[in-house]
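# Observations on the model geometry
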Amino acid sequence: MRPKVYITRRIPEPGISLIEESCDVTLHPYDEPPAHEEIVNRIRDKDALLCLLSDRIDKEIIDAGTNLKVISTFSVGFEHIDVAEATRRGIYIGYTPGILTEATADLAFSLLLGVARRITEADRFLRGNRWRTAFSPSLLLGTSVWGSTLGIIGLGRIGKAVARRAKGFSMKVLYTKRTPLSREEELNLGVVYRPLEVLLEQSDFVSLHTPLNDETRHLINEARLRLMKPDAILINTARGPVVDETALVRALKGKWIAGAGLDVFEKEPIGPAHPLLHLDSVVLLPHLGSATMQARSKMAEVAASNLLAVLRGKAPPCWLNPEVENVRPLSRTRML
Ligand code: GLV
């Protein structure tokens, strides 16, 4: 019998066709995510689920999926999945680390440059037909990136990729991380450890690269925003809830900091009345970190490979919960 797979969105090729070669696929064909209740209903007879980070895969879904052997997420983040519950139930979890590192680092750097040099504000100025003088000595002055200090919070794969870019701009790179790098790694990457509070006080740019968990939720709160320099710029391509957005709006309006570049928000999508939309000192993007054709297509391929590996009774190329093998060995997930 061919395995039954539920895919919650049309992901780029070759994702779906790889799975269709050997499985019966039910695809949620719309851009809008399926309602939670719909996933609960669809999952009942499925062997595998391919989901996105905007699908909340909680105990109710895991309970309903009595045949479920693998959940493969088309993302590197996994805070939307109840990993402990899935593991307890013997469900393998695949994800897509590594692949979107460079794309996300490129985007973080675009935001940094974009806010520093007021790119989107200047574009709005020109399109608004407000450009009257050929060259104006004080028009839309930004802040220097070259030679400035960048503070990276969370020096994992993406944080390190941002650090490498910063070196090309002759930036001094400070970082904070739960377990600091070895001296040798610090020297190789050209980064200097600072405790979080000191990093915030000393950086011209602060870029967030932590996962979202209980320790990082609202890590950047009012007290910490107040530590930043008044001309500093905050960049967030990690997860919205790492920043207390209400405090951030106060910080921007009160000029405790100069600007922010945000690809992620506490609640996505942000509504039309969101206060950030009225501020010129921010650049706002609709969660585009991994949005290159190359990264998304590779993510789709890896998400499909993770899912198919488990159905073939093999360890997935990228998985989150190897301890699940103690609950259900791979010999018992094999259908292909
Ligand atoms: C994107 O935010 C991801 O987690 O893949």
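Only a predicted model underlies this, so the values are computations on that prediction, with no experimental measurement involved. Sequence order as written defines the numbering, with residues in each chain counted from 1. Where local features are concerned, this predicted model is filtered to residues with pLDDT of at least 70; where side-chain atom pairs are given and counted, the filter is 80 or more; whole-chain, interface and lining totals use all residues. To get the side-chain values, all heavy atoms of the structure are used, and hydrogens and water are removed first.

Let us now look at the domain arrangement of the protein chain. These domain boundaries are the output of an automatic or database domain assignment. By domain assignment, the protein chain separates into domain 1 (4–99 + 293–332) and domain 2 (101–284). One C-alpha centre belongs to domain 1, the other to domain 2; they are set 32 Å apart. The interface of domain 1 with domain 2 comprises eight residues on the first partner and five residues on the second. Interface area for domain 1 against domain 2, summed over the two sides, is near 530 Å², with a carbon-plus-sulfur share of 46%. Summed over both partners, the accessible surface that disappears when two parts come together, traced with a 1.4 Å probe, is what is meant by buried area. Broken down residue by residue, the surface that domain 1 buries against domain 2 is led by Leu-53, Glu-79 and Gly-98, which jointly contribute 61%. In what follows, salt bridge is the name for a side-chain nitrogen of Lys or Arg lying within 4 Å of a carboxyl oxygen of Asp or Glu. Where domain 1 meets domain 2, there are one salt bridge. Put simply, Arg-239 and Glu-79 hold a salt bridge, and the shortest N to O gap is 2.5 Å. Here a polar contact is taken to be a pair of N or O atoms separated by no more than 3.5 Å, where protein atoms must pair a possible hydrogen donor with a possible acceptor and residues adjacent in sequence count only if both atoms sit in side chains. Between domain 1 and domain 2 we count two residue pairs in polar contact (both at pLDDT 80 or more) in total. Note on residue classes: Ala, Val, Leu, Ile, Met, Phe, Trp, Tyr, Cys and Pro are nonpolar, Asp, Glu, Lys and Arg are charged, and everything else, Gly too, is polar. Of the residues that constitute the side of domain 1 that touches domain 2, the class distribution is five nonpolar, two polar and one charged. In this analysis, two residues are considered to be in contact whenever any of their non-hydrogen atoms come within 4.5 Å of each other.

Turning our eyes to something else, we now look at the site of the ligand. The rule for a residue being near a molecule or strand is that one of its heavy atoms must lie within 4 Å of it. The immediate surroundings of the ligand are formed by Leu-53, Ser-75, Val-76, Gly-77, Leu-100, Arg-239 and His-287. Between the ligand and the protein, one listed contact pairs an oxygen atom with a side-chain N or O atom of Arg-239 at 2.6 Å. Here the ligand, which alone exposes 200 Å², has 90% of that area covered by the protein. Taken together, the residues of the shell around the ligand break down into three nonpolar, three polar and one charged. The Shrake-Rupley method, run with a 1.4 Å probe sphere, supplies the accessible areas, and residue values consider only the shown protein chains as cover.

On to the pairing of strand 7 (residues 172–176). The buried count for strand 7 comes to four of five residues, which makes it a mostly enclosed element. Inspection of the sheet shows strand 6 (residues 149–153) paired to strand 7 by five bridges, in the parallel sense. The residue bridging Ile-152 from the neighbouring strand is Tyr-175, located in strand 7. Each parallel crossover has a hand, and the one from strand 6 via helix 7 (residues 157–168) to strand 7 is right-handed. A pair of strands counts as paired when DSSP detects no fewer than two bridges linking them. Secondary structure elements follow DSSP: runs of H or I of four or more residues count as helices, runs of E of two or more count as strands, with numbering from the N terminus. With three bridges connecting them, strand 7 and strand 8 (residues 191–193) associate as parallel partners. Opposite Val-173, over in strand 8, you have Val-191 as the bridge partner. When the strands point away from the viewer, a crossover counts as right-handed if the path from the first strand over the helix to the second runs clockwise. Taken together, strand 7, helix 8 (residues 183–189) and strand 8 form a β-α-β motif whose crossover is right-handed. In this scheme, a residue with accessible area under 20% of its type's maximum is buried, one over 50% is exposed, and one in between is partly exposed, where area comes from a 1.4 Å probe on protein chains only.

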